[in-house]
Amino acid sequence: MLNNVTTDCEEGEGSPNNQGDGNPKESSPFINSCASSDLEKSQQYDGKNMALFEEEMDTSPMVSSLLSSLANYSNLPTGSKEHEEAENNEEGTRPSKKPIKAPQLGTLMGVYLPCIQNIFGVILFLRMTWMVGIGGVLGSFIIVFMCCSTTMLTAISMSAIATNGVVPAGGSYYMISRSLGPEFGGAVGICFYLGTTFAGAMYILGCIEILLIYIVPQAAIFKIEGLEGLEAEAALLNNMRVYGTIVLSFMALVVFVGVKYVNKLALVFLACVILSILAVYVGVIKTAFDPPVFPVCLLGNRTLVSKGYDVCAKVIEIDNETVTTQLWRSFCDSDYINATCDDYFRDNNITEIQGIPGVTSGILAENLFGNYLEKGVIVEKRGLASQADPDSSASSTNRFVLADITSFFTLLVGIYFPSVTGIMAGSNRSGDLRDAQKSIPIGTIAAITTTSAVYMSCVVLFGACIEGVVLRDKFGEGVNGNLVIGTLAWPSPWVIVFGSFFSTCGAGLQSLTGAPRLLQAISRDGIIPFLRVFGHGKANGEPTWALLLTASICEIGIIIASLDAVAPILSMFFLMCYMFVNLACALQTLLRTPNWRPRFKFYHWALSFLGMSLCLSLMFICSWYYAIVAMGIASCIYKYIEFCGAEKEWGDGIRGISLSAARFALMRLEEGPPHTKNWRPQILVLVSMDAEQNVEQPRLISLTNQLKAGKGLTIVGTAVQGKFLDNYTEAQRADQSLRKLMETEKVKGFPQVVISSNLRDGTSHLIQVGGLGGLKHNTVMVSWPHSWKQPESHQQFRDFIEVVRETTAASLALLVPKNISSYPSNGERFTEGHIDVWWIVHDGGMLMLLPFLLRQHKVWRKCKMRIFTVAQLDDNSIQMKKDVITFLYHLRIDAQVEVVEMHDSDISAYTYEKTLVMEQRSQILKQMHLTKNEMEREIQSITDSSRGSIRRKKSFASRSQHSTEEGARVGEHPEEEVQLIHNKNASTPTSPTSPTAPAGVGRTWTDNKEVHKGKNLEAGKDPFSMKPEWENLNQTDVRRMHTALRLNEVIIKKSKEAKLVLLNMPGPPKNRTGEENYMEFLEVLTEGLNRVLLVRGGGREVITIYS
């Protein structure tokens, strides 16, 4: 046992064969079960104080050793730390492995600062001022409040999940997948991965925008100067694509070469972010008493592009001479005062206003409400007079600041939301934390509180300090090409420019570092088969293939090239991830699973549902079509994982929902029996197993699958003979065999194996206790005992008849397929043929329903249904046919109808002969007290006699003709015929080969003479001194045999070529003396038919004409 434990430890996370999540198995009492060696374990068992429990020590450890393992638990992440250690260890082979130190990061360094760094990003520096200018202070405040509330509620839910036990390295994906199951976990994990990847693209685009617009505009490959409208926009986007691809390639190379350098630079990038924000706050304070000089030139109320003028005036005085300015030359056709100028330029004055009037200027009132613009509209100042001719077309629009996109409230939400993502940074580093359960809630909530306060204060301060036209100037064209937020910073705009540039570079590197590891974690879980290749990497665990895929997806965002278009995409994926975090917490809280005991107590399911609702609402507010696409991707991944059968049991909440829903549904089913409209066959399939615990009749499962158009319950049951303690392993093998066969035949249901002292009782137990509550079987399917006449199979057919009796007593329907081996498999197809129903007695409609269900399956779909019913002498067959057609019309079942007339006819000698042979068999079995071997020989001889009698006629047609002639003769001279047969029977023993005796009777009695001789050898007594005469036969048996023969003749005539014949199954004998006779009747009834399904109703209507 100890050796086995060691082997399991060696095949842990590093094993290539391990297809799990790499985490310790939950079934193990140790969290790190591989921590102690065999020697240590053996020393634990040396004490004699625990001798009473020494046999349990291998599987149940002592409390002291368990507590020791819990106390020494360490969980290092599978991220950059292992990479760095692996690179350090590659320098040479060391004799002893360096001990891994326990993680020592606290709340500040481990959670708070990483969250701050990830939340503050490119949107704050590049789009926050523009959002305030377009949406107004009130609108922007609402957007910020909604988004921050969403992340705060998500953080509360995440804190509850993170503090509900030890959180291994894996962060949000681990929490969601272990709370909601592999399907939701995989879907949300992929969404989170795509969101992180597109975030990398967004940061790179922000980095390039800062570089090309604010730092080195002359580096543009596609020159923008002199271009207008769409041409200028296309040139800018092309520059973004080229430089974005170059920067992406460089960043991917850095991540590939050494992640440790990225981690070491993280503090530098964080310092850039904090310094930039502090510079903004200092600049705001400075504007109160010394506003910076950032003039903005207006023509009328329109903002002019600063590079289009040298002086904010039409003309200037130089040496008492009026000289035109560069601005004049932009709007007029010459430098002279009398030149022809643009109408708007001529009618309006030039005004220079202060771009940053200061926090005490009262500009807040002007910026309070939104000013949404159409694409190409000139940015104008509110409240300033302007003379414009509405009929004249605007010229020289490239001299004004224009809106580059059409703006509206929902667009602002989609663009802004990425600036509040990043709340998972602390949970992603859970493996590095000294006390994750304490640090994650405190650090994450503190970081969200801090960033929310910064964002909300920035909205108010930007609106209170900066002129509205400057706020709406996205790229700072009216303030000398400065970054608008930079104009507010102290001591120089370059602080913000370079700070934001390095922070976006760092954020891009962080995304390209984190996303491949997230994909690697999903791949190693093995829940998405086609992603398994991305679970591999370099020898040190670096996810090379995942990095390649991440860079490829990131390139898609680079090709889009617009920061405003990429931001809503990643908003969708992050919102979906947050929505499922809230859902996980709400479910766990409402289900009240025993393991749900979070240390973080400030959560409630209502808060989680509110957070989930906010996430869903924001998804559709941001972009309804992106939301549909994101949900479609998640749904496809969910269904793919479900289809591939992710066999993972993580104790997830979805399993808890299934249990609660199942309990609720079962309790509802207990309220009463189902209505006839809801009735469907809930089938208990009784199968037998061979010595190797394989199913002997696999086609029974195929037939069950073909009947499952009703989507009902299926239980495949079998009995194992023996005692529970001795045969439990055998029963487990049988259970696995049943599961495998059901999976092969695609039967949705449950296997059930019982162990009983004998098979008869085991089968009875299955019929009695199968199912649960209201979800019980209402139909039993059992195969016909094909070799029931063989001596060794006598107990088999007695068990079969007991099953018939028990189903009748329990009011269960019964299906008995005969010649089951000839039934089609699920892969076969009938291109034509008929399913014939012989409706002799009404059984509640089972005979009508079963062919309909069969024809829903592709095997039987092209078969046509025919219904035959039998008319007696006093029945009106024409009216019967009309009634049946009307009945089928109301049942909405398409079928051909035929009424078969069976007039009363006299019983033929052949019928008497068959009955005589049958009764002789029963009597001989009762009268002969032989040893077991002798009895088997005698029964075999009688069986051979019966078979010889049945083969007396070469064809069914000739036998039918013979029976008719015999019946006519008996009808004309019944007394003479009976006397004649009696005389022949009397003379048969002395003259077995007499040519005057009928062939069948002669053969029968010849065989019986041999039995007579065998009897005389043992008992010395003639058992046939009182020979059963024809008139002494049981008349009930004679009538039943007559019915079986006549029906068989008619069925053979009409349905010999049918693909399947469904037939009413007669009831079993009330006493046990006629069991052999009952089997003989059924054998005669179905003789000569290839596939027969005997059907016995359960005593209730199963089909209705009503809607």
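Everything below is about the structure printed above this text.
The sections below set out a description of the structure shown in this document. (Residues numbered from 1 in each chain as written. Predicted model: local features only at pLDDT ≥ 70, side-chain atom pairs only at ≥ 80, totals over all residues. Heavy atoms only, no water.)

## Describing the pattern of salt bridges
Then, number 1: Applying the stated rule across the entire model yields 21 salt bridges.
Then, number 2: A salt bridge links K375 to E233; the nearest nitrogen and oxygen atoms lie 3.0 Å apart. Pair noted here: K375 is in the loop between β5 (350-354) and α13 (409-416) and E233 is in helix α9 (residues 229-257), with a separation of 142 residues, a long-range link.
Then, number 3: With a relative accessible area of 30%, E233 lands in the partly exposed category.
Then, number 4: Taking the shortest distance from any N to any O, the salt bridge between R302 and E380 comes out at 3.7 Å. (Salt bridge = Lys/Arg side-chain N within 4 Å of Asp/Glu carboxyl O. Helix = DSSP H or I, 4+ residues; strand = E, 2+ residues; numbered from the N terminus. Buried < 20%, exposed > 50% of the residue type's maximum accessible area, 1.4 Å probe, protein only.)

## Describing the sheet that holds strand β2 (residues 302-303)
Strand pairs in the sheet, formed through backbone hydrogen bonds, run parallel or antiparallel to each other.
Then, number 1: Pairing is antiparallel in the open sheet, where 3 strands are placed in the order β2-β1-β5. The open sheet has two edge strands with one neighbour each: β2 and β5.
Then, number 2: Pairing geometry for strand β1 (residues 295-299) and β2, over 2 bridges, is antiparallel. Residue pairing across strands places L299 opposite R302, the latter belonging to β2. (Pairing = 2+ DSSP bridges.)

## What about the sheet that holds strand β9 (residues 779-782)?
Then, number 1: If you walk across this open sheet you meet the 10 strands as β8-β7-β6-β9-β10-β15-β14-β11-β12-β13, and the pairing is mixed. What marks the edges here is a single partner per strand, and that holds for β8 (750-756) and β13 (896-901). Put simply, the sheet's adjacent strands are angled 20° from each other on average, direction ignored.
Then, number 2: Strand direction decides the pairing type here: β9 and strand β10 (residues 813-818), joined by 3 bridges, are parallel. Paired with T779 across the bridge in β10 is A813.
Then, number 3: Contacting β6 (683-686), β7 (714-721) and β8, helix α26 (residues 759-769) crosses the sheet at an angle of about 155° to β7. (Axes fitted to C-alpha atoms, helices over the stretch in contact; angles between N-to-C directions. Contact = heavy atoms within 4.5 Å.)

## Remarks on the side chain of T196
Then, number 1: Tracing the backbone through its elements, the reader meets T196 in helix α8 (residues 171-215).
Then, number 2: Those residues in contact with T196 that sit more than four places away from it in its chain are S511, A515 and F574.

## Regarding the nonpolar core
In summary, soluble globular proteins display a tendency toward joint burial of nonpolar side chains.
Then, number 1: Residues M128, V144, M202, Y416, Y455, F462 and F580 are the most contacted members of the largest nonpolar core, which totals 169 residues.
Then, number 2: When near neighbours in sequence (up to four residues on either side) are disregarded, Y416 contacts I123, M128, M131, I143, V144, C147, C148 and Y455. (Core = buried A, V, L, I, M, F, W, Y, C linked by side-chain atoms within 4.5 Å.)

## Topic: the side chain of E745
Then, number 1: Tracing the backbone through its elements, the reader meets E745 in the loop between α25 (724-744) and β8.
Then, number 2: Although E745 lies buried, it forms no salt bridge, and the closest oppositely charged side chain, R699, sits 6.1 Å away as judged by the N-O distance.
Then, number 3: Excluding its chain neighbours within four sequence positions, the residues that come into contact with E745 are I701, S702, N705 and N826. (Lys, Arg positive; Asp, Glu negative; His and termini not counted.)

## Topic: the packing of aromatic side chains
For any pair of aromatic rings, the description rests on two quantities: the centre-to-centre distance and the angle between the ring planes.
Then, number 1: Under the counting rule described, the total for this entry stands at 25 aromatic pairs.
Then, number 2: Here F192 and F574 contribute two aromatic rings whose centre-to-centre distance is 5.7 Å and whose plane-to-plane angle is 80°, an arrangement assigned as edge-to-face. Residue F192 is found in helix α8, and its partner F574 is found in helix α20 (residues 563-591); the two are separated by 382 residues along the sequence. A single burial state applies to F192 and to F574, both of which are buried.
Then, number 3: Over the ring of Y344 we find R302; its NZ or CZ atom is 3.8 Å from the centre of that ring.
Then, number 4: The ring of W130 carries the charged tip of K474 above its face, separated from the ring centre by 4.3 Å. (Phe/Tyr/Trp six-rings, centres within 6.5 Å; stacked < 30°, edge-to-face > 60°. Lys NZ or Arg CZ within 6 Å of the ring centre and 35° of its normal.)

## Considerations on the pairing of strand β14 (residues 1060-1064)
Then, number 1: Buried residues dominate β14, accounting for 5 of its 5 residues.
Then, number 2: Side-chain alternation along β14 places L1060, L1062 and N1064 on one buried face and V1061 and L1063 on a second face that is also buried.
Then, number 3: Where strand β11 (residues 834-839) and β14 come together, 4 bridges link them in parallel fashion. Considered in β14, the bridge of V837 is made with L1062.
Then, number 4: Strand direction decides the pairing type here: β14 and strand β15 (residues 1092-1096), joined by 4 bridges, are parallel. When the bridges of β15 are listed, N1064 appears paired with V1095.

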